[in-house]
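Secondary and tertiary structure notes
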Amino acid sequence: VSNLNLPSSNTLLSGIYPNPADKQTRIEFALGSNSKTVISIYNLLGKKVKDVISENLSTGTYSLIIDISELSSGSYICRMESAGLQSTLPLNVVR
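The structure displayed is predicted, hence computed values, not measured ones.

Helices and strands together make up the secondary structure of the protein chain, namely zero helices and eight strands. Reading the secondary structure of the protein chain in the N-to-C direction produces β-β-β-β-β-β-β-β. The buried share of the protein chain, taken over its 95 residues, is 39%. The long-range share in the protein chain, meaning contacts at least 24 apart out of those at least 6 apart in sequence, stands at 59%.

Time to look at the environment of Lys47. Here Lys47 is to be found in the loop between β4 (35–43) and β5 (48–57). For Lys47, a relative accessible area of 57% corresponds to the exposed category. Separated by 30 residues in sequence, Lys47 and Ile77 have C-alpha atoms that sit 10.0 Å apart. In contact with Lys47, other than residues within four places in its own chain, are Ile41 and Tyr42.

Before going further, it helps to examine the packing of aromatic side chains. Pairs of aromatic rings are described using the distance from one ring centre to the other and the angle between the two planes. Scanning the entire structure with this criterion turns up one aromatic pair. Here Phe29 and Tyr62 contribute two aromatic rings whose centre-to-centre distance is 5.2 Å and whose plane-to-plane angle is 10°, an arrangement assigned as stacked. Of the two residues, Phe29 is situated in strand β3 (residues 24–31) and Tyr62 in strand β6 (residues 60–67); the sequence distance between them amounts to 33 residues. Pair check on accessibility: Phe29 and Tyr62 agree, each one buried.

What follows is about the side chain of Lys50. If you trace the backbone, Lys50 turns up in strand β5. You can call Lys50 buried: its relative accessible area is 17%. Among the polar contacts listed, one links the side chain of Lys50 to the backbone oxygen of Asp67, at a separation of 3.3 Å. Not counting the four nearest positions on each side in its chain, Lys50 is found in contact with Ser40, Ile41, Asp67 and Glu70.

Moving on, we come to the pattern of salt bridges. A pair can form between side chains of opposite charge whenever their charged atoms are brought close. Throughout the structure, instances matching the rule amount to four salt bridges. Across the pair Asp22 and Arg95 runs a salt bridge, and its minimum N-O distance is 2.8 Å. On the criterion of sequence distance, the pair formed by Asp22 in the loop between β2 (12–17) and β3 and Arg95 in the segment after β8 (85–93) is long-range, its members being 73 residues apart. On the accessibility criterion, Asp22 (33% relative accessible area) is partly exposed. The partner of Lys48 in a salt bridge is Asp51, with the nearest N and O atoms 3.2 Å apart. Classification of Lys48 by relative accessible area gives partly exposed; the value is 42%. Asp51 gets classed as exposed once you look at its relative accessible area, which sits at 56%.

What counts as what
- Residues numbered from 1 in each chain as written.
- Predicted model: local features only at pLDDT ≥ 70, side-chain atom pairs only at ≥ 80, totals over all residues.
- Heavy atoms only, no water.
- Helix = DSSP H or I, 4+ residues; strand = E, 2+ residues; numbered from the N terminus.
- Buried < 20%, exposed > 50% of the residue type's maximum accessible area, 1.4 Å probe, protein only.
- Contact = heavy atoms within 4.5 Å.
- Phe/Tyr/Trp six-rings, centres within 6.5 Å; stacked < 30°, edge-to-face > 60°.
- Polar contact = N/O pair within 3.5 Å; in protein donor to acceptor, adjacent residues only side chain to side chain.
- Salt bridge = Lys/Arg side-chain N within 4 Å of Asp/Glu carboxyl O.

Laid out in structure tokens, this is it:
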């Protein structure tokens, strides 16, 4: 996880690139306050298929490259929870 040290007043997922992706993708997100941050990936049935991060992070904007090579082709939801807020973005995996 790399902190880009840009202040943010919101806590949210801001992007997933590339999307669709094959073996890895980059998740960008911002935190408006210091808090425990949990990011997970769910299939469309609501089952968690990957834990991405569960850490206490400082206020700022982050960029995280994740390995998705173990996920099958299909559509997923990337979900972030932090500071009592949640944000979701779609993720598509293609092989």
